[in-house]
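Here is what each chain is made of, one letter per residue.
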Amino acid sequence: MTTKSLGNPFDGDQSLIHAKTCGCPECKPGQETPSVSLNLQQSPSLDAAVSESAMDSEAMMDRAIESAVVRSVFGHNDHSRRSFMKMMGAGTAAALLGSVFPMEKAKAAVKESLGKLEKTKLNVGFVPITCATPIIMAHPMGFYERYGLDVTVTKTAGWAVARDKSLAGEYDASHMLTPMPLAMTMGAGSTPEPFIMPAVENINGQAIVLHVDHKDKRDPKQWKGFKFGVPFEYSMHNFLLRYYLAENGIDPDKDVQIRVVPPPEMVANLRAGNLDGYLSPDPFNQRAVWEKVGFIHLLTKDIWEGHPCCAFACSQQFATENPNTYGALLRAIIDATQYSNNPDNRKEISEAIAPKNYLNQPVPVIQQVLTGYYADGLGEVRNVPDRIDFDPFPWHSMGVWILTQMKRWGYIEGDVDYKGIAEQVYLAGETGKIMAELGYTAPDQTYKTHTIMGKTFDPESPEEYARSFAIGRV
């Protein structure tokens, strides 16, 4: 798949964003995508097309920096860029930019800071949900190219597949659930392999959805015998649902059934009566409302305000063998996450990630999730701006909490080095330094207390916490 955002930024006829209405071959079924790109150094007219495969990594980096500069000038507003380029012409626009911006010095500075990239063509997996917004939108909106990377983002059916392809080395990096790198490193549910998680993608952003037939059963104590779906065993969805049920006196292993269902299949299973409800990522909570088969019972932010959900992760081996490439990829992800954090950018992002090769969802459904202005399926329109948010910092204390729930429900046994594992996998120190380097504010500590359903979690006493609940397996 060609990275469209690596195209010619001086061409007013060429969109650099795969919006929902995009007519390029990549966004239209049954068509081959031409492998064509432009070397922006070749001539002022910028009309000479060259094969991407013929470009070496340095030429790709030069082109990427030039493209990133043009995007930045127009505040990543592709409509403004195209209008200006059509009015001025490619050659005139290139000359004008060159007269006021030291392009060659910028190229040298970026190359010096990153070092020579060991790899430029990368395969990054994602599951088509809004939690993956930074990983997805970094492709059509040019954040990968800013760091000289030609990234193919590969849609993945579910997290078992994402895990297995990551372990097999088919993905250089992947969208994962925050518990997954911990589990994979420990060998819980798979062969043990050291994985690292340098960045959280989103916080909040999930919901408990019930079938429309259960509008009279808003009290969880009425849910005995229900069948619930979660996207993966090693997921915040599973652990938050279990926590919520248990706090309401429902044993998640005895009083209800919890099944693993890939997110894209949640709504169909709810409609068919295979599920009474689910705790799922969006857009499938909002899609259930859109299709009038479900309603939003509770946003997960009301269980734990600011809880982590999805993340960017890769094997320790990839990061060790490709340190410069890994650093460039992480910077692109942090940049994209911070851009997603700004509510003013959410409508634009919704259009960029809606097409079939990304989320394949109606733009209004995605906008309701990302803006927090949504119909709840109960006849109300709600305005919750932080329904989902984006923050890359991987708190060690969040990792410790996840490990306590894995211990509580029997996913791991024996003595657990809670802090040691969290600090090995969640690279909070490294991420904080890069955030500061990129001009973002990073916390000055990596542990803090968290409040879940009114109860305080102290990361200094994880084993005591894991054993403190009336319902559990320890």
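As the structure is a prediction and not an experimental result, all values here were calculated from the model. (Residues numbered from 1 in each chain as written. Predicted model: local features only at pLDDT ≥ 70, side-chain atom pairs only at ≥ 80, totals over all residues. Heavy atoms only, no water.)

### Comments concerning the pairing of strand S10 (residues 257-260)
Across four bridges, strand S9 (residues 227-230) lies against S10 in parallel orientation. Among the inter-strand pairings, Lys227 is bridged to a residue of S10, identified as Gln257. On the question of chirality, the crossover connecting S9 to the parallel S10 by way of helix H8 (residues 236-247) is right-handed. (Pairing = 2+ DSSP bridges. Helix = DSSP H or I, 4+ residues; strand = E, 2+ residues; numbered from the N terminus. Right-handed = clockwise from strand over helix to strand, strands pointing away.)

### Looking at the packing of H8 against helix H15 (residues 396-408)
At their nearest, the axes of H8 and H15 sit 11 Å apart, and the two run at 65 degrees to each other. Our classification of the angle between H8 and H15 gives roughly perpendicular. The crossing of H8 and H15 is left-handed. Mapping the contact onto sequence places Met236, Phe239, Leu240, Tyr243 and Ala246 in H8 and Trp401, Ile402, Gln405, Met406 and Arg408 in H15. Considering only residue class, the contact of H8 with H15 consists of eight nonpolar, one polar and one charged. (Axes fitted to C-alpha atoms, helices over the stretch in contact; angles between N-to-C directions. Parallel < 35°, antiparallel > 145°, perpendicular 65-115°, else oblique. Left-handed = near helix turned anticlockwise from the far one by under 90°. Contact = heavy atoms within 4.5 Å. Nonpolar A, V, L, I, M, F, W, Y, C, P; charged D, E, K, R; others polar.)

### What about the packing of aromatic side chains?
All told, the structure shown has 15 aromatic pairs when counted by the stated rule. Taken together, a centroid distance of 5.1 Å and an interplanar angle of 80 degrees make the contact between Phe393 and Trp395 edge-to-face. With respect to class, Phe393 is no different from Trp395; both count as buried. Measuring from ring centre to ring centre gives 5.0 Å for Tyr465 and Phe469, while their planes differ by 85 degrees; the resulting arrangement is edge-to-face. Phe469 matches Tyr465 in its accessibility class, with the two residues each being buried. (Phe/Tyr/Trp six-rings, centres within 6.5 Å; stacked < 30°, edge-to-face > 60°. Buried < 20%, exposed > 50% of the residue type's maximum accessible area, 1.4 Å probe, protein only.)

### Some points on the nonpolar core
Counting residues in hydrophobic clusters, the biggest one holds 131 residues, and the most contacted among them are Tyr144, Trp159, Trp401 and Met406. Per-element accounting of this core gives the leading share, nine residues, to helix H12 (residues 323-341). Among the nonpolar cores identified, the runner-up in size contains nine residues, and Phe10, Val70, Phe74 and Leu97 belong to it. (Core = buried A, V, L, I, M, F, W, Y, C linked by side-chain atoms within 4.5 Å.)

### A short note on the confidence of the model for the chain
Scored by pLDDT, the chain has a mean of 88; 85% of the residues are at 70 or more. This model gives residues 1-5 a pLDDT under 50, and the stretch forms 31 contacts once residues within four places in sequence are excluded. Within the model, pLDDT remains below 50 along residues 25-54, and this stretch shows 74 contacts once partners closer than five positions in the same chain are excluded. (pLDDT = per-residue confidence, 0-100.)

### So, the packing of H12 against helix H13 (residues 346-353)
Relative to each other, H12 and H13 sit at 125 degrees, their axes nearing to 9 Å. Judged on the interaxial angle alone, H13 and H12 are oblique. In this structure, H12 contributes Tyr339, Ser340 and Asn341 to the contact, and H13 contributes Arg346, Glu348 and Ile349. In terms of residue class, the contact of H12 with H13 is built from two nonpolar, two polar and two charged.

### Topic: the state of the cysteines
On inspection of all chains with the given rule, the structure shows zero disulfides. Not engaged in a disulfide, the cysteine Cys131 finds its nearest cysteine sulfur in Cys310; these two sulfurs lie 3.9 Å apart. When its relative accessible area of 0% is taken as the criterion, Cys131 is described as buried. (Disulfide = S-S within 2.5 Å.)

### Considering unusual backbone geometry
Note the cis peptide between Asp282 and Pro283, where omega equals 15 degrees. Locating Pro283 in the fold gives a position in the loop between strand S11 (277-281) and helix H10 (284-290). The backbone phi angle of Asn204 is positive, close to 60 degrees, even though this residue is not glycine. Mapping Asn204 onto the fold places it in strand S7 (residues 203-204). The phi dihedral of Asn360 falls on the positive side, at around 55 degrees, and the residue is not glycine.

### Side note on the sheet that holds S9
Sheet architecture is open: five strands sit in the order S10-S9-S11-S8-S12, paired in mixed fashion. With one partner strand each, in any of the chains shown, S10 and strand S12 (294-299) form the two edges of the open sheet. Taken over all neighbouring pairs, the strand axes of this sheet differ in orientation by 25 degrees on average, direction set aside. Here strand S8 (residues 206-211) pairs with S12 via five bridges, running antiparallel. Note on S12: the bridge partner recorded for Ile208 is Leu298.

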